[in-house]
Amino acid sequence: MTIKNGAEYIESLRGRNLKIYLFGELVKEPVDHPMIRPSINAVAETYDLAAENPELAAPHSSLTGLQVNRFLHIVESPQDLVDQNRMQRKLGQLTGTCFQRCVGMDALNSLYSSTYEIDQKHSTDYHKRLVEFVKMLQRENLMIGGAMTDVKGDRGLSPSQQEDPDMFVHVTKRDSKGVYITGAKAHQTGCINSHWIIVMPTMRLKSEDKDYAIIGAVPVDAPGITYIYGRQSCDTRSMEGGNIDAGNAMYSGQEAMVIFKDVFIPNHLIFMNGEYEFASMLVERFTCYHRRSYVCKTGLGDILIGASAAIADYNGVANASHIKDKLVEMTHLNETIFAAGIASSYRAHKTSAGNWQNDDMLANVCKHNVTRFPYEIGRLAQDIAGGLVVTMPSEKEFRNPETGPLLEKYLKGRKGVSTENRMRVLRLIENMTLGRNAVGYLTESMHGAGSPQAQRIQIARQMQLESKKKFAKRLAQIKEGEAEETVPESTEYFDRIFGNKNKSK
Ligand SMILES: Cc1cc2nc3c(=O)[nH]c(=O)nc-3n(C[C@H](O)[C@H](O)[C@H](O)COP(=O)(O)OP(=O)(O)OC[C@H]3O[C@@H](n4cnc5c(N)ncnc54)[C@H](O)[C@@H]3O)c2cc1C
Ligand code: SF4
């Protein structure tokens, strides 16, 4: 049955009997857990937006002929990529956190072209299987998570060199009906809130890593899966009652560790099975999409800029020139992130499978900016907010008959502004720069879609120094062909992760 809106999505998650550990106990029903529910509410917004604003979030799919949720859509034009970014910024503005669906969206699109190319070389039928799977997702309007990052053990060793083979998800058994996988994926965004998980390799693989070259889809409630819920800073505030101290009581992100113990994947849901030489292609295409998906953070930036402007107003300093200048600086940084992301989407090329891939250099520039600028925007927000952002008493003191009137009097800002509203906006700034949604705004910005060095490697690979040197030498009137010693750059780390094929734009 097709899920039509956020409320139906939330109902679809009930009664699945998942094995989820949180605070040392099994969670009975995640939908009703006060710490988990805000993350479910964030995903529900992606369903409601599609229902309310189909131009932005529910395109027509040529695969099924249906209007589908954009998170399940195979991109059919550069405009589709641009619209993904517009939708991501909007959802960031609506939730103030990670709404958890872009990993799945970017996985489907990178698999669409990669499976096509694997089939061309190996005469397999992965692409057809994937298309059937996507059609089912589109018809039923389901949520998928993308499970790429393995726990990895010793980062200096490849999957097959690890002392414990389970440091990377791998095939433990094959039979005529499918494969069984074991291992663990770390930091899995929205996994418990999903209906399906797509398991993919996380790095370049060699022939000895063949059993690690597995891509397949598993239902979130498949036998053999255990979830261990990830803590977020200040997460228990949503269990304290009240709605001020949480800062953003409605919404949060979600990450968990997913542990697979001999989980079965039937043949029709396997999209790579041993074709190790395609792992780097898949990882590169996925990160190319995903690094410009991080324009989601500009929606969060919009909120933090708004919160900073609001607290400056409540404090009576809205017209101070340095405050205005700091808001301009925050806006400049935020729009710089957006500019690179959306430009990457516009500069897309068509893959041989027929979908569209965004520009890799600009996607990496976008994500690299995301690893830095939100921290600076957060610093400026805390500057404007004042020290109360970290010293304010709790909502319970505010509601207490003895201390409440004291706080009402002594936490006042300018005339005409309620003390409670001043507290609320300060808690929101705390939430986004130190609390629960600082996971989504800051540390996810750092490591999600690859830590900063991964982008620098991709940028280095494509920076075309030789042609730039030629531009310079021409103007400096240095003659071509003059003997000059060159020192080759080391690409050893990069070659290991992504392979060493030369890429040019
Ligand atoms: C909030 C959040 C959400 C995420 N969501 C998802 C998700 O939904 N799906 C998913 O698959 N992944 C997800 N990720 C994972 C993300 O892609 C990884 O965090 C990222 O790739 C870094 O891996 P790591 O965390 O294991 O850090 P590490 O690999 O341990 O990196 C730590 C540091 O070591 C450096 N380093 C690592 N290996 C080497 C090496 N071999 N040589 C030199 N330096 C090295 C890195 O550059 C970095 O500076 C998420 C991460 C976060 C934080
Ligand atoms: S971090 Fe951003 S791009 Fe990634 S899933 Fe969350 S909202 Fe989407």
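Computed from a predicted model, the values in this text were never measured in an experiment.

Peer 1: Could you clarify how one ought to interpret the state of the cysteines in this entry?
Peer 2: Structurally, a disulfide amounts to a covalent bond that connects the sulfur atoms of two cysteines. Scanning all chains against the criterion turns up zero disulfides. Not engaged in a disulfide, the cysteine cysteine 191 finds its nearest cysteine sulfur in cysteine 98; these two sulfurs lie 11 Å apart. Cysteine 191 gets classed as buried once you look at its relative accessible area, which sits at 3%. With no disulfide of its own, cysteine 366 lies closest to cysteine 296 among cysteine sulfurs, the gap being 8.8 Å. For cysteine 366, a relative accessible area of 0% gives the class buried.

Peer 1: Whenever I open this one, the site of ligand 1 confuses me. Can you help?
Peer 2: In the vicinity of ligand 1 lie 19 residues, with Met148, Thr149, Arg155, His187 and Thr189 positioned nearest. Threonine 149 has a polar side-chain atom sitting 2.6 Å from a nitrogen atom of ligand 1. Within the side chain of lysine 152, one N or O atom sits 3.0 Å away from an oxygen atom of ligand 1. Relative to its unbound accessible area of 970 Å², ligand 1 is 71% covered by the protein chains. Going through the elements one at a time, β3 (144-147), β5 (178-189), α16 (438-447) and α19 (492-498) are the ones with two or more residues in the shell around ligand 1. By residue number, the principal contributor to the shell around ligand 1 is β5, which donates three residues.

Peer 1: Please clarify how the sheet that holds strand β2 (residues 25-26) should be interpreted in this entry.
Peer 2: Strands belonging to one sheet form pairs held by backbone hydrogen bonds; the direction of such a pair is parallel or antiparallel. Strand order in this open sheet of six strands is β2-β1-β8-β9-β5-β4, and the pairing throughout is mixed. With one partner strand each, in any of the chains shown, β2 and β4 (170-175) form the two edges of the open sheet. In terms of strand pairing, strand β1 (residues 20-22) meets strand β8 (residues 225-229) through two bridges, oriented parallel. Its bridge partner being in β8, tyrosine 21 is matched across the sheet by isoleucine 228.

Peer 1: Can you walk me through the nonpolar core in this structure?
Peer 2: Here is a general trend for soluble globular proteins: nonpolar side chains tend to be buried in one another's company. Ranked by size, the top nonpolar core spans 76 residues in total, and within it Tyr9, Phe133, Ile181 and Tyr227 carry the most contacts. With seven residues, helix α6 (residues 126-140) is the largest single contributor of residues to this core. The residues contacting tyrosine 227, other than those within four sequence positions of it, are Leu18, Lys19, Ile20, Tyr21, Cys191, Ile192, Ile197, Val220, Met257 and Val258. Judged by nonpolar contacts, the second largest core, of 45 residues, contains Val370, Ala385, Val425 and Leu426.

Peer 1: What's the story with the pattern of salt bridges in this structure? I'm lost.
Peer 2: Two side chains carrying opposite charge are able to pair once their charged atoms lie near each other. All told, the structure shown has 31 salt bridges when counted by the stated rule. The residue lysine 326 makes a salt bridge to aspartate 383 at a minimum N-O spacing of 2.9 Å. Of this pair, lysine 326 sits in helix α9 (residues 321-346) while aspartate 383 is found in helix α11 (residues 373-385), placing the two residues 57 residues apart along the sequence. Of the residues examined, lysine 326 reaches a relative accessible area of 19% and is grouped as buried. One salt bridge in this structure joins glutamate 430 and arginine 427, with 2.9 Å as the shortest N-O distance.

Peer 1: I would appreciate a short explanation of the packing of aromatic side chains in the present structure.
Peer 2: Within a pair of aromatic rings, the relevant descriptors are the distance that separates the centres and the angle that separates the planes. Within this structure, the stated rule accounts for six aromatic pairs. Seen in terms of ring centroids, phenylalanine 133 and phenylalanine 271 are 5.8 Å apart; in terms of plane orientation they differ by 40 degrees. Their pairing is tilted. Taken together, the residues phenylalanine 133 in helix α6 and phenylalanine 271 in strand β10 (residues 270-273) connect sequence positions 138 residues apart. The class for phenylalanine 133 is buried, based on a relative accessible area of 3%.

Peer 1: I would appreciate a short explanation of the site of ligand 2 in the present structure.
Peer 2: In the neighbourhood of ligand 2, the contacting residues comprise Cys98, Phe99, Gln100, Cys102, His290, Ser293, Tyr294, Cys296, Lys297 and Glu444. Taken together, the residues of the shell around ligand 2 sort by class into five nonpolar, three polar and two charged. Each of two domains, domain 1 (6-232 + 251-292) and domain 2 (294-455), supplies a minimum of three residues to the shell around ligand 2.

Peer 1: Can you walk me through the domain arrangement of the protein chain in this structure?
Peer 2: The extent of an interface is frequently quoted as the accessible surface area lost upon association of the parts. Along its sequence, the protein chain is carved into domain 1 (6-232 + 251-292) and domain 2 (294-455). In this structure, domain 1 and domain 2 have C-alpha centres spaced 27 Å apart. Each partner contributes to the interface: domain 1 provides 38 residues, whereas domain 2 provides 39 residues. Together domain 1 and domain 2 conceal approximately 3,300 Å² of surface at their shared face, both sides included; 54% is due to carbon and sulfur atoms. Sorting the residues of domain 1 by area buried against domain 2 places Arg89, Arg291 and Arg292 first, and these three jointly supply 26% of that buried surface.

Peer 1: Sorry if this is basic, but what is going on with the packing of helix α2 (residues 37-52) against helix α4 (residues 78-95) here?
Peer 2: Axes are the key here: two packed helices are described by the angle between their axes and the distance separating the axes. For the pair α2 and α4, interaxial distance at closest approach is 10 Å and the crossing angle is 130 degrees. Classified by the interaxial angle, the pair formed by α2 and α4 is oblique. In the crossing of α2 with α4, the sense of the turn from one axis to the other is right-handed. Of α4, the residues touching α2 (which contributes Ala42, Glu45, Thr46 and Leu49) are Met87, Lys90, Leu91, Leu94 and Thr95. For the contact of α2 with α4, the per-class residue count stands at five nonpolar, two polar and two charged.

Peer 1: How do you make sense of the environment of histidine 368 when you look at a structure like this?
Peer 2: With respect to the helices and strands, histidine 368 occurs in helix α10 (residues 360-370). A relative accessible area of 9% means that histidine 368 is categorised as buried. Remark: the alpha-carbon pair of histidine 368 and glycine 387, spanning 19 residues in sequence, is separated by 30 Å. If we skip the residues at most four places from it in the chain, histidine 368 touches Pro452, Gln455, Arg456 and Ile459. At 3.3 Å, the side chain of histidine 368 and the side chain of glutamine 455 are in polar contact.

Cut-off values and rules
Residues numbered from 1 in each chain as written. Chains lettered and ligands numbered in written order. Predicted model: local features only at pLDDT ≥ 70, side-chain atom pairs only at ≥ 80, totals over all residues. Heavy atoms only, no water. Disulfide = S-S within 2.5 Å. Buried < 20%, exposed > 50% of the residue type's maximum accessible area, 1.4 Å probe, protein only. Near = heavy atom within 4 Å. Polar contact = N/O pair within 3.5 Å; in protein donor to acceptor, adjacent residues only side chain to side chain. Areas by Shrake-Rupley, 256 points an atom, 1.4 Å probe, with all protein chains shown as cover. Helix = DSSP H or I, 4+ residues; strand = E, 2+ residues; numbered from the N terminus. Pairing = 2+ DSSP bridges. Core = buried A, V, L, I, M, F, W, Y, C linked by side-chain atoms within 4.5 Å. Contact = heavy atoms within 4.5 Å. Salt bridge = Lys/Arg side-chain N within 4 Å of Asp/Glu carboxyl O. Phe/Tyr/Trp six-rings, centres within 6.5 Å; stacked < 30°, edge-to-face > 60°. Nonpolar A, V, L, I, M, F, W, Y, C, P; charged D, E, K, R; others polar. Domains from an automatic or database assignment. Buried area = accessible area lost by both parts, 1.4 Å probe. Axes fitted to C-alpha atoms, helices over the stretch in contact; angles between N-to-C directions. Parallel < 35°, antiparallel > 145°, perpendicular 65-115°, else oblique. Left-handed = near helix turned anticlockwise from the far one by under 90°.

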